[in-house]
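Residues per chain, in single letters:
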Amino acid sequence: MKKKSKAKKILLWTGGIMAFVLVGTAGAAYLYLEHLNDNITSVSDDGASTGGFSKDKAINLLVIGTDKRTGSGNGGYGDSGSVGHADTTILLHVSKDRTNATALSIPRDLIVDVPDCQTAQADGTSKVIPGTEGVRFNTSLGQDDRTPSCTMRTVTELTGITPDNFMVADFNAVKTLTTAVGGVEVCLGKDIDDPDSHLKLSKGTHTVQGEQALAFVRTRHSVGFGGDLSRIQIQQQFLSALMRKLKSNDTLTSPTKMIKLAEAGTKALTVDSQLDSIDKLKDLGLELGKLDVKNLTFTTVPVVDNPAEKVKATVVLNNSTAPTVFQMIKDDVSFTKVKEQAAASKDAAAAAAAARLKGTQSAASAVRVQIMNGGAVSGSAQETLNWLQIQEGITKSENAGNAPAELAKTTLEYAPDQADQARKLAAVMGLPGSALKPGKSVENSQGLPTMTLTLGKDFKGAGVSLTAPTTVPDTVQKSTADKVQCAK
């Protein structure tokens with residue numbers, strides 16, 4: 001662990017600031033390299049990450065903030081004795097081609113399962129902190145001595161996405177960074193006087209910095225429905241405004257402001273052990289700096305009120321839309337339209353795959369298929385057989401056991417005269433055109449020609465579509481960093 005004297009400062013608050021400083025300033029970390037290195041505090045990722053970001057892959061950066069009051073001038077905000085929680089958490093996904101990014105806010109009151117967490121100790125040993133089921137997401141940090149790596153594991157458990165790195169910073173990050181850039185312009189749709197956050201502003205636009213900026217991102221009782229989801233939206237508005245300010249010529253052409261940003265950022269920053277030097281942060285900043293803010297989308301994990309509660313205090317996943325959001329991020333699908341993706345859709349191979357899905361479909365009762373397990377979870381072939389026969393009326397189907405070899409992707413092989421059957425099965429199962437493999441049929445146990453469906457490692461379960469989503473559901477809240485929005 002680097003800078004052990006600052007170990008107690010690792011569980012601090014940020015609201016996503018440091019990731020967006022890197023996006024905004026890109027290579028600014030060249031300044032005062034050795035001096036800035038001394039400012040950085042790092043802690044172990046405990047094996048919970050991918051091992052660090054790569055320049056030739058998509059980047060998933062977990063930005064964690066807590067409600068712990070450590071830091072100069074922050075003791076008066078209440079809850080001074082708390083060990084802290086994962087109060088504000090954002091999973092920032094930056095596309096492989098660096099044309100777009102998605103900042104996914106995770107509600108602190110979302111009910112999740114926190115997994116067991118192997119954690120490095122100060123004396124060099126390691127211990128496993130037991131997980132807990134059905135608890136608030138914010139307990140993934142601080143509680144029972146959980147470190148940021150525990151929050152990282154919880155995010156992976158929740159979304160299926162393993163972060164490459166994490167960042168944590170304190171309350172002072174908001175105060176010092178906004179002061180360094182000369183303030184951030186925000187907008188209110190109504191007058192606000194919040195005694196809890198100490199925010200008192202009239203309706204309209206204001207430039208906030210320091211304590212007033214911190215009050216803005218902490219307010220929740222006076223906006224929206226007065227809960228955490230409303231606070232998330234005002235924080236997203238603030239981060240969008242900060243991004244625009246960081247990208248402005250007023251900031252980028254001012255050596256004084258850039259020096260102040262580098263100083264403030266590295267002092268407030270705690271990173272995982274894969275990002276423990278200014279050179280590594282500089283490399284990350286250069287990758288993030290390629291992004292155009294108009295293609296940075298802010299969104300929130302889709303949730304609904306917890307049906308188990310009479311007095312609503314927590315939320316649970318919205319199972320109709322959350323899986324789509326998670327899958328789009330995993331598949332590196334943009335939440336905004338970018339030219340590069342439009343061009344990719346014209347690729348000859350993609351067009352040929354799409355063409356296989358076009359045409360007539362046979363009736364379900366005419367589909368004849370054998371199912372083999374080629375790398376899916378044990379029992380998947382029988383589960384799929386039962387679902388096809390009972391739920392979908394595809395009764396001419398059978399379990400053919402294990403495939404000769406494992407496949408990364410699920411495939412459906414069929415003879416030319418079975419194309420209408422293949423299209424029907426693809427429609428029922430949500431198979432992409434790329435899964436359809438024209439070839440030859442085989443004989444089933446009755447000696448009749450049949451298609452072969454091989455369930456690969458990508459198979460997610462009977463009835464779960466394998467077609468990657470390409471658009472965000474209309475009900476999912478989202479906004480882009482280039483737009484000015486007023487909190488109401």
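Each remark here, short or long, concerns the structure printed above.
This structure is a prediction, so every number in the text was calculated from the model and none was measured.

**A word on empty space enclosed by the protein**
Okay, so step 1: Taken as a whole and assessed by the stated rule, the structure comprises 4 cavities of 30 Å³ or more.
Okay, so step 2: Each pocket or cavity is described by its volume, and for the second largest cavity that value is around 80 Å³.
Okay, so step 3: Taken together, 15 residues make up the lining of the second largest cavity; nearest its centre are Thr88, Thr89, Ser105, Ile232 and Gln235.
Okay, so step 4: Counting only elements with at least two residues in the lining of the second largest cavity, the list comes to β3 (86-94), β4 (101-106) and α6 (228-247).
Okay, so step 5: The dominant element in the lining of the second largest cavity, judged by the number of residues it contributes, is α6, at 6 residues.
Okay, so step 6: Looking at the lining of the second largest cavity residue by residue, the classes come out as 5 nonpolar, 6 polar and 4 charged.

**Digging into the pattern of salt bridges**
Okay, so step 1: Taken as a whole and judged by the stated rule, the model has 8 salt bridges.
Okay, so step 2: Salt-bridge contacts for Arg108 lead to Asp109; the nearest nitrogen and oxygen are separated by 3.9 Å.
Okay, so step 3: Owing to a relative accessible area of 13%, Arg108 belongs among the buried residues under this scheme.
Okay, so step 4: With its nearest N and O atoms 3.3 Å apart, the salt bridge here joins Glu287 to Lys290.
Okay, so step 5: What emerges from the salt-bridge pattern is a single network uniting Arg98, Glu287 and Lys290.

**Notes on the nonpolar core**
Okay, so step 1: Of all hydrophobic cores here, the largest spans 56 residues; its most connected members are Met167, Phe216, Phe238, Leu281, Leu284 and Leu296.
Okay, so step 2: Here this core takes 7 residues from α6, the largest share from any one element.
Okay, so step 3: Counting residues in each nonpolar core, the second largest holds 31 residues, with Ala86, Val112, Val155 and Leu158 among its members.

**Details of the packing of aromatic side chains**
Okay, so step 1: Throughout the structure, instances matching the rule amount to 1 aromatic pair.
Okay, so step 2: On the numbers, 6.2 Å between centres and 40° between planes, the contact of Phe216 with Phe238 is tilted. Within this pair, whereas Phe216 is found in helix α5 (residues 210-218), its partner Phe238 is found in helix α6, the two being separated by 22 residues in sequence. In terms of burial, Phe216 and Phe238 fall into one category: buried.

**Looking at the pairing of strand β6 (residues 117-120)**
Okay, so step 1: In β6, alternate side chains face the same way, and those of Cys117 and Thr119 are buried while those of Gln118 and Ala120 on the opposite face are not.
Okay, so step 2: As defined by bridge partners, β6 adjoins strand β7 (residues 126-129) across 4 bridges and the pair is classed as antiparallel. Bridged to Ala120 within β7 is Ser126.
Okay, so step 3: Count of turn residues in the β6/β7 antiparallel hairpin: 5 residues, of which Gly124 carries a positive phi of about 95°.

Definitions and cut-offs
- Residues numbered from 1 in each chain as written.
- Predicted model: local features only at pLDDT ≥ 70, side-chain atom pairs only at ≥ 80, totals over all residues.
- Heavy atoms only, no water.
- 1 Å grid on protein atoms, 1.4 Å probe; cavity = no way out; pocket = protein on both sides within 12 Å on 5 of 7 lines; lining within 4 Å.
- Points joined across faces, edges and corners; volume = space filled by probe spheres on them.
- Helix = DSSP H or I, 4+ residues; strand = E, 2+ residues; numbered from the N terminus.
- Nonpolar A, V, L, I, M, F, W, Y, C, P; charged D, E, K, R; others polar.
- Salt bridge = Lys/Arg side-chain N within 4 Å of Asp/Glu carboxyl O.
- Buried < 20%, exposed > 50% of the residue type's maximum accessible area, 1.4 Å probe, protein only.
- Core = buried A, V, L, I, M, F, W, Y, C linked by side-chain atoms within 4.5 Å.
- Phe/Tyr/Trp six-rings, centres within 6.5 Å; stacked < 30°, edge-to-face > 60°.
- Pairing = 2+ DSSP bridges.

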